[in-house]
Amino acid sequence: MSGLLGARTCSSPGEASDIESPMGAKLREPLTEARFQQLFGGAEQEPEELAEPGWSRLCSRWRRWVCACSGPGAWRLLLARLPPLRWLPHYRWRAWLLGDAVAGVTVGIVHVPQGMAFALLTSVPPVFGLYTSFFPVLIYTLLGTGRHLSTGTFAVLSLMAGSAVERMVPEPLGGNRSGIETEQLDAQRVGAAAALAFGSGALMLGMFALQLGVLSTFLSEPVVKALTSGAALHVLVSQLPSLLGLPLPRQIGCFALFKTLAAVMTALPRSSPAELTISALSLALLVPVKELNVRFRDRLPTPIPGEIVMVLLASVLCFTSSLDTRYNVQIVGLLPGGFPQPLLPNLAELPGILADSLPIALVTFAVSASLASIYADKHNYTIDSNQELLAHGVSNLISSLFSCFPNSATLATTSLLVDAGGNTQLAGLFSCMVVLSVLLWLGPFFYYLPKAVLACINISSMRQMFFQMQELPQLWRISRVDFAVWMVTWVAVVTLSVDLGLAIGVVFSMMTVICRTQRVQCLALGLAEGTELYRPLRENHKVPGLCILSYPTPLYFGTRGQFRRILDWHLRLGGGKVRDLVQGQCSFFGSGKQETPKTDGPPDAVAESVRVVVLDCSGVTFADAAGAREVLQLASRCRDAGIHLLLAQCNASVLGTLTQAGLLDRVTPEQLFVSVQDAAAHALERLELTGPKTCTVWV
């Protein structure tokens, strides 16, 4: 009991206290919230601002907007929306230019084969992957805040867009199509993919207008990593027909992965030996080169461009051996030079594609924002999440006018850019120059490129996503809940589809947060002897009649029932039935381990009844109307039971909600304290353990 007795220094006149005080302690009177406000004042007067009439707030916002339209305000707005105006004047040309040039050219070389490969994954001709590797990169260089971010084609988005395109423009019945029919089908699919990019860009611009950059937090790291890992498996399986030379229709919808595997196994005897050989040789070159680039990234001056080497070798081999005519090997064909004419997507299709555009927009923003944050933290600068919404929204919207499909930041090329020495967004301009040279002059050299090689590039680019599964053992040790979120999301993505898997992962992760607020550990606090700290102690440090409880969770409609049961159990307000309900839900700290309250005896008859209860509200981050009414009912039940209720350390938001709900009609301002220490000192004075005293609090 000595621990709690040290909670106060109380002595009668002329009497020396036998309680050991903390070294160098100062003494003061207990402070209520009202007394604290009187002595020190409050925070910024936000409640008064909120109490203004609606038209006054609108006028205030209008005046701020008008000020922003002045000359200095417009310049600040321009600086915020065009990041190069901020970093370009401070660019260190001698130190950074060479690194940006080398990194940009290296990434541009990778963009060429990857863009064509991901275009096939999107079910559009390869040249449109080159367009998507040019326009979005150029736009992000002007608007993005991630200095080390590389944008362009991304396998996960290509897979999601390809599934939507195949559903909107399905393969016609009958395998034989004329050249004109093939061109018409490709044109329809290109239009559908561009409409998806337009829709996702418009959604991101809408999110920017509403300043919803905070939405990226709802896609937790386990959800994003499980999504990309599961999508990588979809990419691998979807490329099997191209690897084996099997002209199979693409499977879409739920269980598409298993349908594709079944179709491949059925058609396996009809696979093309020539394309199977090309695929095996390509993977035999690409996979070891990827591994070498990772293992010797510190020793290599620049990563080995295995993709472009494989593209050149395969093109030369196919041309010299006439593989396309002798063995019917599928090749890329002619890449049109220049750029397509700007064309507005069919706006009549937009309402029908919003359901597909929304998950694409969310994945675009989540992956891009998380990648930008990782490298911003590593290199000590900050990003603006709302500006990232603007950058990717404009990037998708404008590039869709040039027949580009959805795009975002990419894991592989971002890592490649950093390893190659990139420092700023200027590297994107050098990357655009490489892609531009292919579009204008070097396109004919890729005429004889086998499509099986592009499928192998797709598979080899998934290396990082597959290796994310290596983090699962560590995630299991750190948090079982996050491990469950990862596994549920991954299983949903693999078995159902990427879109549904994303939705299930987000909902499940939100449910884990809600469920964790339900598993409350209401802690009984005691004072550590010789200190002013109230903590759950290994031994019971109780004062008869005094109960100090900490409720460390938000108080809202989902936790109000738990709050009532826990408080009724501790204060013995609801009888044995309530104690049975909460058994195992509250934790006491005794003998170094957690224990559940025992209800096998008659505690009411043995234990002394509670006379004063201190409720530590420091862990209650917010309260809604239902939670506030529960506190009011608790105050009424305590008053009827003869228990004096004290609330300690309520934050301003919670205290405002409780006050608006009518708390001061049930309790007095003298029952609201600024800290647990102040409330405990007042409680000990009220209990009058040794007669009238002047009570003080250690500081």
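Residues numbered from 1 in each chain as written. Predicted model: local features only at pLDDT ≥ 70, side-chain atom pairs only at ≥ 80, totals over all residues. Heavy atoms only, no water.

## What about the overall build of the protein chain?
This is how it is decided: Helix numbers and strand numbers start at the N terminus; a helix is a DSSP run of H or I with at least 4 residues, a strand a run of E with at least 2. Burial status follows relative accessibility: with a 1.4 Å probe on protein chains alone, a residue under 20% of its type maximum counts as buried, one over 50% as exposed, and anything between as partly exposed. By the convention used here, residues are in contact when the closest approach between their heavy atoms is within 4.5 Å. In these tables, accessible area is a Shrake-Rupley quantity obtained with a 1.4 Å probe, and a residue counts as shielded only by the protein chains included in the view.
The secondary structure content of the protein chain amounts to 32 helices and 14 strands. Each of the 699 residues in the protein chain was classed as buried or not, and the buried ones make up 49%. Long-range pairs, those at least 24 residues apart, make up 82% of the contacts in the protein chain between residues at least 6 apart in sequence. Taken as a whole, the protein chain presents about 33,500 Å² of accessible surface, with 62% of it coming from carbon and sulfur.

## Observations regarding helix α12 (residues 221-238)
Each α-helix turn comprises 3.6 residues. Residues three or four places apart therefore point the same way. Note the cut-off: By this rule the span expected of a helix is its residue count minus one, scaled by 1.5 Å.
In a regular helix each residue adds 1.5 Å, so 18 residues correspond to 26 Å; α12 covers 26 Å between its end C-alpha atoms and thus fits that length. Of all the 18 residues making up α12, 14 are buried; the element is thus mostly covered by neighbouring parts of the structure.

## A few points about the packing of α12 against helix α14 (residues 256-267)
Here is the rule we go by: Whenever a helix is involved, its axis is fitted only over the stretch in contact; in every case the axis is a line through C-alpha atoms, and angles between N-to-C directions fall within 0 to 180 degrees. Each angle receives one of four descriptions, namely roughly parallel if under 35 degrees, roughly antiparallel if over 145, roughly perpendicular if within 65 to 115, and oblique otherwise. Working rule for handedness: look at the near helix, and if it is turned counterclockwise from the far one by less than a right angle, call the crossing left-handed; if clockwise, right-handed.
Contact pair α12 / α14: the axes reach a minimum separation of 9 Å and the direction vectors enclose 25 degrees. Of the possible angle classes, the one that applies to α12 and α14 is roughly parallel. As for how α12 packs across α14, the hand of that crossing is left-handed. Contacts from Leu233, His234 and Val237 of α12 reach α14 at Leu257, Thr260 and Leu261.

## Regarding the nonpolar core
Formally: Definition of nonpolar core: a set of buried residues of the types Ala, Val, Leu, Ile, Met, Phe, Trp, Tyr and Cys, connected through side-chain atoms within 4.5 Å.
Counting 102 residues, the largest nonpolar core has Met116, Leu130, Val363, Phe446 and Leu449 as its most contacted members. Looking at this core element by element, the count peaks at 13 residues for helix α18 (residues 350-378). Ignoring any residue separated from it by four or fewer positions in sequence, one finds Leu449 in contact with Met116, Val311, Ala314, Ser315, Gln330, Ile331, Val332 and Leu454. Grouped together as the second largest cluster of nonpolar side chains are 32 residues, Ala623, Leu634, Leu655 and Leu672 included.

## Considerations on the environment of Val453
Considering the arrangement of structural elements, one finds Val453 in helix α22 (residues 451-460). In this structure Val453 comes out as buried when scored by relative accessible area, which is 0%. C-alpha separation for the pair Val453 and Ile278, spaced 175 residues apart in sequence, amounts to 7.1 Å. Every residue in contact with Val453, bar those within four places of it in the chain, is listed here: Ile278, Ser282, Met310 and Ala314.

## Section: the pattern of salt bridges
A side chain of one charge can pair with a side chain of the opposite charge when the charged atoms of the two come close. Keep this limit in mind: Note on definitions: salt bridges are taken to be side-chain nitrogens of Lys or Arg within 4 Å of carboxyl oxygens of Asp or Glu.
Evaluation of the coordinates by the stated rule reveals 12 salt bridges. Residue Lys290 is joined to Glu307 by a salt bridge in which the shortest nitrogen-to-oxygen separation is 2.8 Å. Here the residue Lys290 occupies a position in helix α15 (residues 273-295), and Glu307 occupies one in helix α16 (residues 306-321), the gap between them amounting to 17 residues. Linking Arg463 and Glu291 is a salt bridge whose minimum nitrogen-to-oxygen distance equals 3.0 Å. Taken as a pair, Arg463 in helix α23 (residues 463-467) and Glu291 in helix α15 lie far apart in primary sequence, 172 residues in all. Among the charged side chains, a network of salt bridges with common partners joins Arg560, Arg564, Asp568, Glu630 and Arg637.

## Looking at the sheet that holds strand β8 (residues 546-550)
This is how it is decided: Being paired, for any two strands, means DSSP has found at least two bridges between them.
Judged by pairing direction, the sheet is mixed, and its five strands sit side by side in the order β5-β8-β11-β12-β13 without closing on themselves. Every other strand in the sheet has two partners, leaving β5 (523-524) and β13 (672-673) as the edge strands with one partner each. In terms of strand pairing, strand β11 (residues 612-616) meets strand β12 (residues 644-648) through five bridges, oriented parallel. Across the sheet, the residue bridging to Leu615 is Leu647, located in β12.

## So, the side chain of Thr132
Applicable threshold: Any pair of nitrogen or oxygen atoms within 3.5 Å is treated as a polar contact; in protein, a donor-acceptor pairing is required on top of that, and neighbouring residues in sequence qualify only through side-chain atoms on both sides.
Positionally, Thr132 belongs in helix α8 (residues 127-132). A distance of 3.4 Å separates the side chain of Thr132 from the backbone nitrogen of Phe405, its partner in a polar contact. In contact with Thr132, other than residues within four places in its own chain, are Gly152, Thr153, Cys404, Phe405 and Asn407.

## Thoughts on the pairing of β11
The side chains of a regular strand alternate between the sheet's two faces. Note the cut-off: Call a crossover right-handed when, viewed with both strands pointing away from you, the route from the first strand across the helix to the second goes clockwise.
Of all five residues that make up β11, five are buried, and the element is covered over most of its length. When β8 meets β11, the two strands line up parallel, connected through five bridges. Looking across to β11, one finds that Leu549 is bridged to Leu615. Viewed along the sheet, the connection from β11 through helix α30 (residues 625-641) into β12 turns out right-handed.

## What about the confidence of the model for the protein chain?
Using the following cut-off: Every residue carries a pLDDT, the predictor's confidence in it, which falls somewhere between 0 and 100.
Averaged over the protein chain, the pLDDT score is 81; the fraction of residues at 70 or greater is 84%. Across residues 45-54, where pLDDT falls below 50, the model places four contacts with residues more than four positions away in sequence or in other chains. Ignoring residues within four places in sequence, the model shows residues 690-696, a span with pLDDT below 50, making 21 contacts including any to other chains.

## A few points about the environment of Ala164
In this fold, Ala164 is placed in helix α10 (residues 155-168). What makes Ala164 buried here is its relative accessible area of 1%. Ala164 sits 88 residues away from Ile252 along the chain, and the two C-alpha atoms are 8.2 Å apart. Not counting residues within four places of it along the chain, the set of residues in contact with Ala164 comprises Leu196 and Asp356.

## Some thoughts on a nonpolar patch on the surface
Filter applied, for reference: The residues that make up patches have over 30% relative accessible area and no salt bridge, and they are joined within 9 Å when like-charged or within 5 Å when they are Val, Leu, Ile, Met, Phe, Trp or Tyr.
The grouping of Trp75, Leu78, Leu82, Leu85 and Leu142 at the surface amounts to a nonpolar patch, some 430 Å² of accessible area in total. Along the chain, Leu78 turns up in helix α5 (residues 71-81). When its relative accessible area of 37% is taken as the criterion, Leu78 is described as partly exposed.

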